Amino acid sequence: MRFTIPQDILDASDCSHKHTCLTDAYCKGRAMCEVTCTTGRYITFLEPGFAEEALRQCPYAVKFSDKVVCKCPTRYYLHKEYGI
């Protein structure tokens, strides 16, 4: 694993992609969605255009008004701790 994530964060993430983001910063073969900011507990705002594919493939990505929000605990942690 390239990134070290606390076990409680991994346990909170029911990842259908088997945490492939932890080895190469890619999610199922495509670059992870770009982050605009994080707020609250596990709330990550994503770049709108970049995240459209994630809306179709990821159970954590949801459209909120004109924003795309990711609720994945692992993605939140990767951005907060590693800046990605």
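Refer to the structure printed above.
Quick caveat: nothing in here was measured; it's all calculated off a predicted structure.

Caption draft 1: Summary view of the side chain of Ser 13. With respect to the helices, strands and loops of the structure, Ser 13 is situated in the loop between α1 (7-12) and α2 (21-24). Among the polar contacts listed, one links the side chain of Ser 13 to the side chain of Thr 74, at a separation of 2.7 Å. Beyond its immediate sequence surroundings of up to four residues, Ser 13 is in contact with His 19, Tyr 60, Cys 72, Pro 73 and Thr 74.

Caption draft 2: Representation of the packing of aromatic side chains in the model. Per the counting criterion, the structure on display carries two aromatic pairs. Ring centres of Tyr 42 and Tyr 76 lie 5.7 Å apart, and the angle between their planes is 80°; on these two criteria the pair is classed as edge-to-face. Highlighted residues: Tyr 42 in the loop between β3 (35-39) and β4 (43-46) and Tyr 76 in helix α4 (residues 73-82), separated in sequence by 34 residues. For the pair formed by Tyr 42 and Tyr 76, the shared burial category is buried.

Caption draft 3: Representation of the nonpolar core. Grouped together as the largest cluster of nonpolar side chains are 13 residues, with contacts concentrated most on Phe 3, Ile 5, Ile 9, Cys 21, Leu 22, Met 32 and Leu 78. Among the elements of the structure, α1, α2 and α4 are those that each provide at least two residues to this core. In terms of residue count, α4 provides more of this core than any other element does, three residues in total. Among all residues touching Ile 5, those that are not within four sequence positions of it are Leu 10, Leu 22, Tyr 77, Leu 78 and Tyr 82. Membership of the second largest hydrophobic core comes to nine residues, among which are Cys 33, Ala 54, Tyr 60 and Val 68.

Caption draft 4: Quick look at empty space enclosed by the protein. Counted according to the given criterion, the structure contains one cavity of 30 Å³ or more. Volume-wise, the largest cavity comes out at about 250 Å³. Surrounding the largest cavity, 21 residues form its lining, Cys 27, Cys 58, Cys 70, Cys 72 and Arg 75 being those nearest its centre. Of the residues belonging to the lining of the largest cavity, the class tally is 13 nonpolar, five polar and three charged.

How each quantity is defined
All residue numbers refer to positions counted from 1 along the written sequence of the respective chain. Per-residue local features are limited, in this predicted model, to residues with pLDDT of at least 70; the limit for side-chain atom pairs, both in listing and counting, is 80 or more; totals at the level of whole chains, interfaces and linings are taken over all residues. To obtain the side-chain values, all non-hydrogen atoms of the structure were used and water was disregarded. Working definition: helices are DSSP H or I runs of at least four residues, strands are E runs of at least two. Numbering for both runs from the N terminus. Under the rule applied, a polar contact is a pair of N or O atoms within 3.5 Å (in protein, one hydrogen donor and one hydrogen acceptor; residues adjacent in sequence only if both atoms are side-chain atoms). Only heavy atoms enter the contact rule, under which two residues are in contact if any of them lie within 4.5 Å. The aromatic pairing rule takes the rings of Phe, Tyr and Trp, using the six-membered ring of Trp, and pairs them if the centres are within 6.5 Å, calling planes under 30 degrees apart stacked, those over 60 edge-to-face and the rest tilted. Throughout, exposure labels follow a simple rule: accessible area from a 1.4 Å probe, protein chains only, divided by the maximum for the residue type, with under 20% read as buried, over 50% as exposed, and the rest as partly exposed. Residue types Ala, Val, Leu, Ile, Met, Phe, Trp, Tyr and Cys, when buried and joined through side-chain atoms within 4.5 Å, form a set referred to as a nonpolar core. Using a 1 Å grid laid over the protein atoms alone, points where a 1.4 Å probe fits but cannot get out form a cavity; open sets with protein on both sides within 12 Å along at least 5 of 7 lines form a pocket; any residue with an atom within 4 Å of a point counts as lining. Grid points are joined across faces, edges and corners, and a volume is the space filled by probe spheres set on the points. Nonpolar residues are Ala, Val, Leu, Ile, Met, Phe, Trp, Tyr, Cys and Pro. Charged residues are Asp, Glu, Lys and Arg, and all others, Gly as well, are polar.

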